[in-house]
Amino acid sequence: MVIDLLRCVGCNSCTVACRAEHGTPANVQFNKIKKYEIGKYPTAKMKFLPMPCMHCQYPPCLKVCPAGATIKKEDGIVLVDENKCIGCRACIVACPYESRHFLWDIKGYYPGNLPTPYEALKHKKFDRGTVVKCNFCAHRLEKGRLPACVETCPAQARYFGDLDDPESEVSRLIALHRGTAFRPELGTEPSVFYIKG
Amino acid sequence: MNLIVVTAAAILTAAGLIAYLVQLRSGLTATGLHDRFTWGLYIQGFFFFSALAAGMLVFIALVTLFSASRFWPLARMSSAVSFSCLIAAGIMLWADLGKPFRVFRILFSNNFSSPMTWDFYTLLLCVLLNLVYLSGVVGTGLRAAAWSVICLAAALVFIMVHTLFFLSREGAGFRSQPFLALDTLVQSLWGGLAAVNLVAAVSGLAEKSLLAALLVFTVAAPMPLIGSSIAAATGAKDKTHQNQSKKFILLHLFILAVLLAVVAERKIDLAGSAAAAVAVLVLLAVFLEKAHLVGRYQHNPTLPLPFSLFEEAPAYRPTYVEWMVAVGSGGLCLLLSVVIIGILEHVR
Amino acid sequence: MAEYEKVLKTAQLASPDLFGSAPYRWKEVDPEVKGERKVLFGMCRMCMQGDCLTLVHVEDGVVVKIEGHPGAPPNYGSLCPRGNSAVMNLYNPYRVKAPLLRTNPEKGLDVDPMWKEISWDEALDIVAERLKKVREKDPRGLVVNEGWGQRDTIIRVPFQKAFGTPNEVGSHGPLCTVHYATCLVHANFPVSVVDLEYCQYHITLGRSLGPNFATTGGTRKFAKAIERGMKLVVVDPRCSYEASKGEWVPIRPGTDLAFLLAMAHVMFYEIQKYDEWFLKNRTNAPYLIGPDGYYCRDPESGKPVLWDPVEKTARPWDARFKDIALSGTYTVNGVECRTAFDVVRDQFAPYTPEWAERICTVPAATIRRIAREFVEHARIGSTIEIDGFTFPFRPASLNTERNVTNHRGGTYADLTGKIINMLVGNIEVPGGCLGCGKRGPVLAPGPDGTVMPAYEAVGVPFKFPPDHVDMAEFYPHRHTAPHLTIKAILDPEKYYLDYRVEAWLSVGGNPIRANAQPDVYVEAFKKIPFVVSIAYHMDEPTYLADVVLPEHSFLERMRVVAFWPQHQSVSNETNGLQMVSINQPVPPVFNTRHVDEILLELAERIGILYGEGGVYDQLNRSTDFIIGDEGLVLREGYKLDLNTKYSLEEIFDRQLKGWIGEGKGLDYLNKVGYVARWNSPKTGYNYYYFPEDRTRHEFYFINLKKQGDSLRENLRKHQIKFPGIDDEEYIFDLYKPVPHWVENSELNAPEEFDLWAINWKTPYYSSDTGNVTGNPWLAEIYAKDPYEAVICVNSATAQKKGLKDGDLVIVESRYGKIEGRLRTSELFHPDAVGVSGCYGRGTPQSNPLNRKGPNFNTLLPLDEKTLDGVSAGQEIAPRVKIYRKGERR
Ligand SMILES: Nc1nc2c(c(=O)[nH]1)N[C@H]1C(S)=C(S)[C@@H](COP(=O)(O)OP(=O)(O)OC[C@H]3O[C@@H](n4cnc5c(=O)[nH]c(N)nc54)[C@H](O)[C@@H]3O)O[C@H]1N2
Ligand SMILES: Nc1nc2c(c(=O)[nH]1)N[C@H]1C(S)=C(S)[C@@H](COP(=O)(O)OP(=O)(O)OC[C@H]3O[C@@H](n4cnc5c(=O)[nH]c(N)nc54)[C@H](O)[C@@H]3O)O[C@H]1N2
Ligand code: SF4
Ligand code: SF4
Ligand code: SF4
Ligand code: SF4
Ligand code: SF4
Ligand SMILES: [Mo]
């Protein structure tokens, strides 16, 4: 994935689209936007850093997973198999990008006659005591669709494609704008690149 | 005397069991943990018990290897305690899992890049080695030598694995590698020896030599800390760690002082009870060490601000459930030790 | 922020179930649809624009996902955060779930109405009964209050007309008086925007291009413009989202008029490079003005005259000219006249950048630089060919919005903006400043050769005693005036009313929360004998109602609409687009009804549905407010028979058949979702319909003067004054034909009020449509947002006052006070106190989220003296002081 930091306006549309796509329980967000300031008045600016899971090529989270629950598919997508996860949370400690969430509990948003029909349906696929994370919308990719956050972005700041194919749009963007990973010094080789930062 | 201990231990164990059942029902929300501080009392306890067990194993292995028969009775009892510690450690780990009944996946999914896998294997191995030893088949000569070598290796690996968990974490200040490895090693031997001393003291086998050994490690224990805090002071961005390292160094020095006093003491019988006291002190120190280590690594956000998801890290307070489970497994450890030792004497 | 985690918790703990029916259940999905998966064509309605096309995925009768309709205009598959959170708007336990009747006569925002659940029949009968009585007594006694909460109804206006009341009062007006200048100069509505397809240099004053509140269309166009390198200058006390992508020019709140006057001054006196051709041939700048300030006219034809410097004579505007004098003083049949251009120019002489700097704090040098860059980038004289048609090409535009216009003198600020744009000739041409409403022959010249004022620039005819409860007779160019309405309700004599308000019908408006001084509104509501609310949830007006009629949420609503050109900007993403689209309803989850079915039912029971002047008749006659006959209107051959009953579907079907043609109607739209027609992009520029010298824009705002003078006459005639205004010159000073400096009510506040409070829309609130402020998905995010629901102050200012980030502070204006957590930031002008969105207030029975956070509007004044006398706009940047809670000041 490539994220254009000039285009991104920090609207969090991606974050909500992701939640809507996956129906994650309350307080579990696969995608996050960091909003921060640089500079001093009157030359200060607001900055935004959208962060899905980086789908590292050398994912620390996978290294430490004792249960073989975290897997890296040949296409590079890093997944958690909720049927294998033992909930040891070693991966949360290991992930340097805070991309993982442990399902301490599966909460909806409303009291009383919880959950809403939507939540009742969506929460079925979440298993308390396991870890969840952004899966690059693998289920959409299978159907030939783009990830929800990419499709919904009003600024069209997110691009998705095959990094191994030098001809792909993403590869060309990275080459053209000298795209960089976030905190490359960690040597995790993320599959998410930022341009025009 | 034993009876009181047994019943007390049994009660604690039962309490722990109940607490755990509560946790099973409500899930890990029963703990004070959260995504930001995801490992707490359980992992701290796990590290603690494993450290002791491994430390003691080293002692046992050495006395067997160099057939220091004078220590064999003590070694046998220590093995019982070591075994019990391992069980307690196992329980702590188990209690920390979101899906406890899948724990044996660790055995079969053999991901050997995962510290926890190694942890699990070596833990089982150490349990096994203890059982073998207790069963008495080790005996002497080559067989004994072989056993002790394996045992040494297992114990050392078991100890060192614990330094791998936090490799990817930032902001550990004076706890950062390579001093962490040294520290973990020393702490575990120190703790082990303290436990041995404790056993000796309560079973009237107290010895100056043992105390002396403890003294050596008490001197050694603060070294890595001192080294690393110097490193931190010079190199590290985050200075907040320094006074914490100071706290630990001071604690160690205090223990050292007490120990010196005890060793200086002539009459060994007095030394016996004093030794027990010191031993307990050391054990406490080791626990604090482990607790701090686990906490320290999670304290700072993995991402530097402003990128971190958690501008203000919510505090971690162990819940009563956690405390009960922890104390419970301590109780179980005690219970097992006493019972096994009892059996051993019976067999004799 | 930690505080907000708590907010979410309370929201999750408080029982949603405190009213109406016994503990509600989510309606069981009927077994038949089990296992059924379908995708409906949807249209988002989580904001007032509500034009993003969606796909609504339904499984087992449950909505499981709402996403943008891939490839379909205007949003091409993208959605904003609000749109993405729409599921929670449908499945919201805080909705009104059944018709309710008040049993507790005592009203108040903290008094339990003690609702009694009643059947639809009872409810409709009770309401019809009462309204009938009101109508028999005096139809004007009914106030219909509309707002952004309900933009989908097509029956509300016909209903109100058939009922016979002039009192349609929008709750959205007082803080949104952004229309007059556009209506006058562009004959368009609602506002004028920048052409992001071509613009190279855009100055925006207090106006978002979209990112500020994350609107889909606006943000898409914005990102493209930034990508292609358009220079963006954002004049704003706060470094907004867009300011962070361009040049931020911090300005002292509420002082934009000074900035604009000075910028014009620089253009008039220092740069002196104008689009002369445009001024001479497309504005009334060369018209000769007599000493009385009116056009000097030709004796025979009575037409305004211009000076021909070659022939040395004055001729009617439509004569042929060798040349036209833009400047000079000439004697025409005995009277000395000057060109409008000179009259206007003179007015700006005193407004030097140095003068402005003292008021607005923007360095004189910066004002000069911006003016210069603006003129340079405008490429005066250049042309562009679009689709075989040659346009003047002016890739520079300056635009303003509510935060500039919502002050006394705000109308002048907007008009000054027009003058600045006209000086470079960028009106309604590619790259320039375009009205964002109807595309078509709207610039048709009137008898004087100038564009006919449209919409709010037309002015409400005077009548005494006034018909309009919102005092339209005294503020003929007002947008909407609930603030004056409630004053008239509370004190009818003072406001010369010869009738009384007997009933109030709320249809998606919330004047209590959205305007100023909520408590005064509550008092007025208490005084109204009968209040009905067609409601989605327990908002303030609903909580104070006597009868509540629960309506479908937007996903449950059948809706068929024609596309309106968009608010924030223009680009080829939508230029030339004509479209009709549908929102296919999902199964309702509670005992609610479609707003228009409710209104039709009421009309029938009141007896105003059928026959001459009935609802059907009104519907037959009505056209689209924005795009006129290109909208969904009942065309010839599809008109309704006045005496047969029609279902809503049948009405939509007829509208559609008229629009699509070939007998294609609702069935067809149900199959395809939307029908888009693309006209050539050139038709997106209204210059195209009246090119060259075929029309003229007002540069000298004579219609404003006319309105003022006739108003003055009428007041004289009836020996009356503006209610609440002792010195009427205070208002007539705002009716001059040329903008000039006037002080707003806040400039000279006592100096203990040393700061100005400001407010802005956010990605989580552009308006409360869909009750976004009660949406937990959005709340979960703004809980973590550094600038939401806190009180933002420049770090240095905070330090001066000894305040720290996170302190609990009080912000106090002369009109009210609020409390909140302090956020220190570099993104704010040192004189500004920033409070985002529209948090706070709410009712005990609305989602608790509605009650959290500081309610900015509490700080605002209601007094007539603080209004802009032309637009009746409320002051939006009150002077305030800030101090730590507990420290008395
Ligand atoms: N899709 C969609 N589009 C919409 C809407 C919607 O709901 N959905 N809402 C529509 C409506 S009703 C309106 S009124 C418009 C509102 O659109 P805008 O008025 O553009 O939006 P705001 O965020 O209210 O204000 C814009 C900026 O004004 C700044 N500001 C505050 N005080 C001052 C001041 O004193 N001087 C200056 N120069 N700037 C100041 C704020 O910091 C903010 O950055 O948007 C319209 N467009
Ligand atoms: N603080 C602050 N105040 C503002 C503004 C601001 O930016 N900040 N913006 C100002 C501007 S520009 C405008 S135009 C006005 C708009 O003000 P209004 O026209 O009053 O519109 P809203 O307040 O958005 O919504 C009106 C009411 O409708 C309710 N509602 C939501 N969904 C539905 C529905 O489906 N059906 C029904 N029947 N009701 C529903 C909302 O909860 C709200 O109570 O607000 C003004 N007030
Ligand atoms: S949706 Fe796009 S623009 Fe909005 S925050 Fe996400 S990446 Fe940035
Ligand atoms: S970002 Fe974290 S979770 Fe994602 S792959 Fe990398 S390490 Fe694993
Ligand atoms: S929590 Fe689950 S995914 Fe993470 S390391 Fe443990 S088993 Fe693997
Ligand atoms: S790729 Fe899918 S899962 Fe990952 S952040 Fe985007 S929407 Fe969420
Ligand atoms: S801008 Fe956002 S809220 Fe408005 S219609 Fe589009 S998606 Fe819905
Ligand atoms: Mo508005």
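Computed from a predicted model, the values in this text were never measured in an experiment.

Asks: What's the story with the site of ligand 4 in this structure? I'm lost.
Replies: What surrounds ligand 4 is a group of 13 residues, the closest being Cys53(A), Cys56(A), Cys61(A), Cys95(A) and Arg100(A). Its residues assigned to classes, the shell around ligand 4 shows nine nonpolar, two polar and two charged.

Asks: Would you mind going over helix α21 (residues 648-660) of chain C with me for this structure?
Replies: Structurally, the α-helix is built with 3.6 residues per turn, so residues lying three or four positions apart point the same way. All names here are of chain C. Relative to the 18 Å expected for 13 residues at 1.5 Å per residue, α21 spans 18 Å between its end C-alpha atoms, a close match to the ideal helical length. Of all the residues in α21, the buried ones are Leu648, Ile651, Phe652, Asp653, Gln655, Leu656, Gly658, Trp659 and Ile660. Of the surrounding secondary structure, the elements contacted by the buried residues of α21 are β24 (559-562), β26 (577-583), α19 (595-606), α20 (615-621), α22 (666-672) and β27 (674-678). Phi turns positive one or two residues past the end of α21, at Gly661, with a value near 85°.

Asks: What is the right way to read the sheet that holds strand β2 (residues 53-59) of chain C from this model?
Replies: Across a sheet, paired strands are connected by hydrogen bonds in the backbone, their directions being either parallel or antiparallel. All names here are of chain C. Across the sheet, which stays open at both edges, the three strands sit in the order β1-β2-β3 with antiparallel pairing between neighbours. In this open sheet, the two strands that pair with only one neighbour each are β1 (37-43) and β3 (62-68). Adjacent strand axes in the sheet meet at a mean angle of 25° when their direction is disregarded.

Asks: Help me out: how do you make sense of the interface of chain C and chain A in this one?
Replies: Interfaces are often sized by the accessible area lost when the parts come together. Listed as interface residues are 71 residues of chain C and, on the opposing side, 53 residues of chain A. Taken together, the two surfaces of chain C and chain A that pack against each other cover about 5000 Å², and 58% of this comes from carbon and sulfur. Note that Glu67(C) is salt-bridged to Arg145(A), the shortest N-O span being 3.0 Å. Within the residue set of the side of chain C that touches chain A, elements represented by two or more residues are α1 (2-13), β3, α2 (81-84), α3 (87-90), α7 (216-227) and α25 (776-782) of chain C. Looking at which element gives the most residues to the side of chain C that touches chain A, the answer is α7(C), with eight residues. The residue inventory of the side of chain C that touches chain A, partitioned by class, reads 40 nonpolar, 17 polar and 14 charged.

Asks: Quick question: what am I supposed to make of the nonpolar core here?
Replies: Across soluble globular proteins, you tend to see nonpolar side chains buried next to one another. Counting 200 residues, the largest nonpolar core has Phe159(C), Phe259(C) and Met263(C) as its most contacted members. Ranked by residue count, the leading element in this core is helix α8 (residues 256-271) of chain C, at 12 residues. When sequence neighbours within four positions are dropped, the list of residues in contact with Phe159(C) reads Leu131(C), Leu142(C), Leu505(C), Leu599(C), Leu602(C), Ala603(C), Ile606(C), Ile608(C) and Val615(C). Core analysis: the next-biggest nonpolar cluster, separate from the first, contains 117 residues, Phe102(A), Val131(A), Ile43(B) and Phe158(B) among them.

Asks: Explain the site of ligand 1 here, please?
Replies: Residues and elements named next belong to chain C. Among the 32 residues in the neighbourhood of ligand 1, the closest are listed as Ser208, Asp236, Asp256, Arg402 and Gln568. A distance of 3.4 Å separates an oxygen atom of ligand 1 from a polar atom in the backbone of Met48. Within the backbone of Gly254, one N or O atom sits 2.9 Å away from an oxygen atom of ligand 1. Protein burial of ligand 1: of its 910 Å² of free accessible surface, 97% is covered by the chains.

Asks: It is not clear to me how a nonpolar patch on the surface should be interpreted in this structure. Could you clarify?
Replies: Residues and elements named next belong to chain B. Nonpolar side chains collect at one region of the surface, where Leu17, Leu21, Leu24 and Phe101 lie side by side and expose about 420 Å² of accessible area between them. Examined against the element boundaries, Phe101 turns out to sit in the loop between α3 (72-96) and α4 (105-108). Taking relative accessible area as the criterion, Phe101 reaches 64% and is therefore assigned exposed.

Asks: What should I look at first to understand the packing of helix α11 (residues 353-360) of chain C against helix α12 (residues 364-377) of chain C in this one?
Replies: The angle between the axes and the distance between the axes are what describe a pair of packed helices. Residues and elements named next belong to chain C. Between α11 and α12, the least distance of the axes is 8 Å, while the angle of their chain directions is 120°. With respect to α12, the axis of α11 lies oblique. Two packed elements cross with a definite hand, and for α11 against α12 that hand is right-handed. Contacts between α11 and α12 involve Pro353, Glu354, Ala356 and Glu357 from the former and Ala364, Ile367 and Arg368 from the latter. Among the residues making up the contact of α11 with α12, the classes are represented as four nonpolar, no polar and three charged.

Reading the values: the criteria
Residues numbered from 1 in each chain as written. Chains lettered and ligands numbered in written order. Predicted model: local features only at pLDDT ≥ 70, side-chain atom pairs only at ≥ 80, totals over all residues. Heavy atoms only, no water. Near = heavy atom within 4 Å. Nonpolar A, V, L, I, M, F, W, Y, C, P; charged D, E, K, R; others polar. Helix = DSSP H or I, 4+ residues; strand = E, 2+ residues; numbered from the N terminus. Expected span 1.5 Å × (residues − 1). Buried < 20%, exposed > 50% of the residue type's maximum accessible area, 1.4 Å probe, protein only. Contact = heavy atoms within 4.5 Å. Pairing = 2+ DSSP bridges. Axes fitted to C-alpha atoms, helices over the stretch in contact; angles between N-to-C directions. Buried area = accessible area lost by both parts, 1.4 Å probe. Salt bridge = Lys/Arg side-chain N within 4 Å of Asp/Glu carboxyl O. Core = buried A, V, L, I, M, F, W, Y, C linked by side-chain atoms within 4.5 Å. Polar contact = N/O pair within 3.5 Å; in protein donor to acceptor, adjacent residues only side chain to side chain. Areas by Shrake-Rupley, 256 points an atom, 1.4 Å probe, with all protein chains shown as cover. Patch = residues over 30% accessible without salt bridge, like charges linked within 9 Å, V, L, I, M, F, W, Y side chains within 5 Å. Parallel < 35°, antiparallel > 145°, perpendicular 65-115°, else oblique. Left-handed = near helix turned anticlockwise from the far one by under 90°.

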